[in-house]
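Results of the structural survey
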Amino acid sequence: MNMNDTYMPTIIGFLCNWCSYTGADLAGTARMKIPASLRVVRVMCSGRIDPLFVLKGFLKGADGIMMMGCHPGDCHYQKGNYNARRRFVMLQNIFESLGLEKERIGLWWVSASEAPKYAQVTKEFAEKVKELGPNPLREEIFL
């Protein structure tokens, strides 16, 4: 038996209250399949996702982090999602400097009416993280 057959990655999703979280709620009420390993954290705006939240998630053992917000130009706080995009690029650079695959973090724009898109991106990301395997920092931290 391959380890990837039994391994289920732990994924943290930071979702914007106004768009992505509502899209996730719609996906749930429509009974769409969402990865069971996804742990959702609702934030008022994707621009409020502090990079320290993401880094702390990895240091605590998460295998992947999803950041989701309103589409560019549709942010309820005008420029929050542009701030999220800048932070995402910075976090990718930090991941690479730590020796982590930058594919372990992702950013998507999902509106309140895009439940199918939410279900699709969460499924695809979970599969990608499963292929990458466990967070290598988890082993170093918990030894």
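Our structure's up above, just so we're on the same page.
Residues numbered from 1 in each chain as written. Predicted model: local features only at pLDDT ≥ 70, side-chain atom pairs only at ≥ 80, totals over all residues. Heavy atoms only, no water.

Turning to its location among the elements, Arg104 is positioned in the loop between helix 4 (80-98) and strand 4 (105-109). The buried category is assigned to Arg104, whose relative accessible area is 0%. Within the local environment of Arg104, its side chain forms a polar contact with the backbone oxygen of Gly133, the two atoms lying 3.0 Å apart. Those residues in contact with Arg104, other than ones at most four positions away along the chain, are Phe58, Asp63, Gly64, Ile65, Phe95, Phe125, Val129, Leu132, Gly133, Pro134, Asn135 and Pro136. (Helix = DSSP H or I, 4+ residues; strand = E, 2+ residues; numbered from the N terminus. Buried < 20%, exposed > 50% of the residue type's maximum accessible area, 1.4 Å probe, protein only. Polar contact = N/O pair within 3.5 Å; in protein donor to acceptor, adjacent residues only side chain to side chain. Contact = heavy atoms within 4.5 Å.)

Two elements in contact, helix 3 (residues 51-59) and helix 4, have axes whose closest approach is 10 Å; the angle formed by their N-to-C orientations is 35°. For the pair helix 3 and helix 4, the crossing hand works out as right-handed. Residues Pro51, Val54, Leu55 and Phe58 of helix 3 form the contact with helix 4, whose own contacting residues are Arg87, Met90, Leu91, Ile94, Phe95 and Leu98. Its residues assigned to classes, the contact of helix 3 with helix 4 shows nine nonpolar, no polar and one charged. (Axes fitted to C-alpha atoms, helices over the stretch in contact; angles between N-to-C directions. Left-handed = near helix turned anticlockwise from the far one by under 90°. Nonpolar A, V, L, I, M, F, W, Y, C, P; charged D, E, K, R; others polar.)

Everything listed is a geometric property; what it means functionally is a separate question.
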